[in-house]
Amino acid sequence: MDSFQLNQEIAYLGLVGNLRKEYCIRFIRKKQQFFKELTGQQEETLTANSETLSCYKGCSRCCSLFIGASVQEAEAIVYYLYQNEDKLQRFLETYPVWREKVRASGDLFRKPTAGDKSIGDLAAYARLKIPCPFLQDDACSIYEVRPFVCAGLIVTTPPEWCDPKHPKHSKRKRYIISDSALADRTFYWKNLEKPVWSFMPIMVYDILEQGMRGIPGISRMGDLLSRYIYDPDVQDVIRRYEKPSV
Ligand code: SF4
Ligand code: SF4
């Protein structure tokens, strides 16, 4: 058993694991309700401005942008991947290639521009056009649980303008309808001190690879990690994993 398999096996064991699982199920239900309402909101926006939606199934130029998500969204995506083994395996294969490309280009999403010290150079990152590792045959493989920022973006100018290298890119007309859940601090243990937000594919991979240790900000979440790791149900599996095979 490798560490990915171990983390999958113990993900929802014990007291904390159960709370984690219940939270993910509730979060996904809430997100899908939001997606239903979002369609209505987007239609209202377009009608009010007498505009037509340019986005269509199979259009994926926007899937090479920096995709941020909350830690709760990342946890729900991990849960979804654990329920969809084929998607999980595909992501584990695709991610290292994607991460290497992002790293080779200098991790621009972490390099702030001169005018903005708080965030990386997301415009330069977009120009690299590195497709999201969840993009498969021009479709999102985690569509049901995709981040709010992906679902909330629509444009009404020609789809070609969404290409960061298109001369009219800066003139594209877009609407970003987000959700109050972006500022959500609820979690399955104690509430977060402040919203935790990061680059979605990296966050998801870290949780798959390191288990709960990979959750960003885990050190500020009180005794969550120790209560989880030292739970007898979790320890049983870890001991089995560590036992040398004869
Ligand atoms: S935002 Fe642009 S690239 Fe993305 S689906 Fe809509 S038209 Fe296509
Ligand atoms: S999560 Fe899905 S919708 Fe969002 S960028 Fe990746 S492939 Fe595109």
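Residues numbered from 1 in each chain as written. Chains lettered and ligands numbered in written order. Predicted model: local features only at pLDDT ≥ 70, side-chain atom pairs only at ≥ 80, totals over all residues. Heavy atoms only, no water.

J.: Which parts of the structure should I look at to understand the pattern of salt bridges?
T.: A side chain of one charge can pair with a side chain of the opposite charge if their charged atoms are brought near each other. One pass over the structure, following the stated rule, counts eleven salt bridges. A salt bridge links D163 to K129, with the nearest nitrogen and oxygen atoms 3.0 Å apart. In this pair, D163 is assigned in the loop between strand 6 (153-155) and strand 7 (174-176) and K129 in the loop between helix 5 (122-127) and strand 4 (135-136), connecting sequence segments 34 residues apart. One salt bridge connects K190 with D223, and the closest N-O pair in it is separated by 3.4 Å. Here K190, found in the loop between strand 7 and strand 8 (197-199), pairs with D223, found in the loop between helix 7 (200-210) and helix 8 (224-229); they are 33 residues apart in sequence, far enough to count as distant. Take K190: its relative accessible area is 49%, and that puts it in the partly exposed class. (Salt bridge = Lys/Arg side-chain N within 4 Å of Asp/Glu carboxyl O. Helix = DSSP H or I, 4+ residues; strand = E, 2+ residues; numbered from the N terminus. Buried < 20%, exposed > 50% of the residue type's maximum accessible area, 1.4 Å probe, protein only.)

J.: What should I look at first to understand the site of ligand 1 in this one?
T.: Neighbouring ligand 1 are C55, C59, R61, C62, L153, V155, P159 and C162. Its residues assigned to classes, the shell around ligand 1 comprises seven nonpolar, no polar and one charged. (Near = heavy atom within 4 Å. Nonpolar A, V, L, I, M, F, W, Y, C, P; charged D, E, K, R; others polar.)

J.: Even after reading the chapter, I still don't get the site of ligand 2, so can you show me in this structure?
T.: In the neighbourhood of ligand 2, the contacting residues comprise C63, I67, C132, F134, L135, C140, P147, C150 and M200. The residue inventory of the shell around ligand 2, partitioned by class, reads nine nonpolar, no polar and no charged.

J.: Help me out: how do you make sense of the side chain of D231 in this one?
T.: You can see D231 is positioned in the loop between helix 8 and helix 9 (232-242). For D231, which is buried and forms no salt bridge, the nearest opposite charge comes from R227, at a distance of 6.9 Å. A distance of 3.1 Å separates a polar atom in the side chain of D231 from the backbone nitrogen of L15. For D231, the side chain forms a polar contact with the main-chain nitrogen of D233, separated by 3.0 Å. Aside from chain neighbours lying at most four places away, what touches D231 is G14 and L15. (Lys, Arg positive; Asp, Glu negative; His and termini not counted. Polar contact = N/O pair within 3.5 Å; in protein donor to acceptor, adjacent residues only side chain to side chain. Contact = heavy atoms within 4.5 Å.)

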